Amino acid sequence: MDNQPRQLQGLSYEDLYVGMSFRSPGRTITETDIVQFAGLTGDYSDLHMNDEYARKSQFGKRVAHGMLGLSYAHGLMWAGTRELRKCAIAFLGINEWSFKLPIFVGDTLSMDYQLMEIRDSKSNPQQAIGVFDVQVVNQRSETVQRGKKALLLSKIDLISPA
């Protein structure tokens, strides 16, 4: 029998229940993150790239791209917590996503997410759909982004014990 704690092994579909909550580890946003994201997406908006312009904005300094925050939130949910690695197959979509507060260089983001709904897949009896209420929070526990994310889940473990 494997002696790893259950969390390190990942949760099986049978372990999941509505109301189950998770907290991801933190990830600090760096200058490099913003520059690389701008290069990747082509979004070189002055609010993200120009100190002088951003200083005169309502934010007083440059802000990270909203989609950068959403991207890191997705990554933290998939890889950062590792709880869902035995059953998560694919990201299906987001609903009601809102950008509440700006994200700045030096902010450390983490995610609080809760399983709000779980239902059988209509097209595959070995799969289900889980809907999570997601809050992206900064180091001051302020919610910077929030919404619902749907994941395709396997009812059969994707990773078998070693």
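Residues numbered from 1 in each chain as written. Predicted model: local features only at pLDDT ≥ 70, side-chain atom pairs only at ≥ 80, totals over all residues. Heavy atoms only, no water.

### Re the nonpolar core
Our working definition: Only buried residues count toward a nonpolar core. Its members are Ala, Val, Leu, Ile, Met, Phe, Trp, Tyr and Cys residues joined through side-chain atoms within 4.5 Å. Buried residues are those whose accessible area, probed at 1.4 Å on protein chains only, stays under 20% of the maximum for their type, while exposed residues exceed 50% and partly exposed ones sit between those limits. Elements are defined by DSSP. Helices are runs of H or I of four residues or more, strands are runs of E of two residues or more, and each kind is numbered from the N terminus. Should any heavy atoms of two residues lie within 4.5 Å, those residues are considered in contact.
Formed by 28 residues in total, the largest nonpolar core has its most connected members in L16, L84, M111, Y113 and F132. Breaking this core down by element, the ones donating at least two residues are α2 (31-41), α5 (66-80), β3 (88-99), β4 (108-120), β5 (127-137) and β6 (143-154). Counting residues per element, this core draws most heavily on α5, at five residues. Those residues in contact with F132 that lie beyond four places of it in its chain are F22, M77, L84, Y113, Q114, L115, M116, G147, K148, K149 and L151.

### What to know about a nonpolar patch on the surface
Counted only if it meets this: For patch building, the residue pool is restricted to those with more than 30% relative accessible area and no salt bridge; the joining distance is 9 Å between like charges and 5 Å between nonpolar side chains (Val, Leu, Ile, Met, Phe, Trp, Tyr). Areas reported as accessible are Shrake-Rupley estimates using a 1.4 Å probe. Residue values count occlusion only from the protein chains shown. Each salt bridge in this description consists of a side-chain nitrogen of Lys or Arg and a carboxyl oxygen of Asp or Glu lying within 4 Å of one another.
A grouping of I89, L158 and I159 is seen on the molecular surface, where their side chains present a nonpolar patch of about 220 Å² in accessible area. Structurally, the position occupied by L158 is in the segment after β6.

### Here we look at the side chain of K149
Put simply, the test is: Positive charges come from Lys and Arg, negative ones from Asp and Glu, while His and the chain ends are left out of the count. Polar contacts, as used here, are pairs of N or O atoms within 3.5 Å; protein pairs need one atom able to donate a hydrogen and one able to accept it. Residues neighboring in sequence count only if both atoms are side-chain atoms.
Its place among the elements puts K149 in strand β6. The side chain of K149 sits in the buried core without any salt bridge; D133 is the nearest counter-charge, 12 Å away. At a separation of 2.7 Å, a polar atom in the side chain of K149 contacts the side chain of H74. When residues no more than four places from it in sequence are discounted, the contact partners of K149 are A73, H74, M77, F91, G93, I94, W97, G130, V131, F132 and V134.

### Observations regarding the pattern of salt bridges
Counted according to the given criterion, the structure contains twelve salt bridges. Residue E31 is joined to R62 by a salt bridge in which the shortest nitrogen-to-oxygen separation is 2.4 Å. Here R62 lies in the loop between α4 (51-55) and α5 and E31 lies in helix α2, a separation of 31 residues in the sequence. Classification of E31 by relative accessible area gives partly exposed; the value is 35%. Owing to a relative accessible area of 12%, R62 belongs among the buried residues under this scheme. In this structure, the salt-bridge partner of E117 is R119, at a minimum N-O distance of 2.8 Å. Look at E117 and you get partly exposed, because its relative accessible area is 33%. Connected through shared salt-bridge partners, E31, D51 and R62 make up one network.

### Some words on the environment of T32
Take T32: it is sitting in helix α2. Overall, T32 belongs to the partly exposed group, its relative accessible area being 44%. Each C-alpha atom, one on T32 and one on S98, is 24 Å from the other, the two residues being 66 residues apart in sequence.

### Structural notes on unusual backbone geometry
For E96, which is not a glycine, the phi torsion comes out positive at approximately 55°. One can find E96 in strand β3. Phi is positive for S141, which is not a glycine, with a value near 65°. The residue S141 is located in the loop between β5 and β6 in this model.

### Quick look at α2
Condition: The reported arc concerns the directions from the helix axis to the C-beta atoms and nothing else.
Taken together, the buried positions of α2 are occupied by D33, I34, F37 and A38. An end-on view of α2 places all buried positions within 130° of arc, on one side of the element. Turned more than 90 degrees off the buried face of α2, the exposed positions are Q36 and L40. In the stretch just after α2, G42 is the one whose phi turns positive, near 85°.

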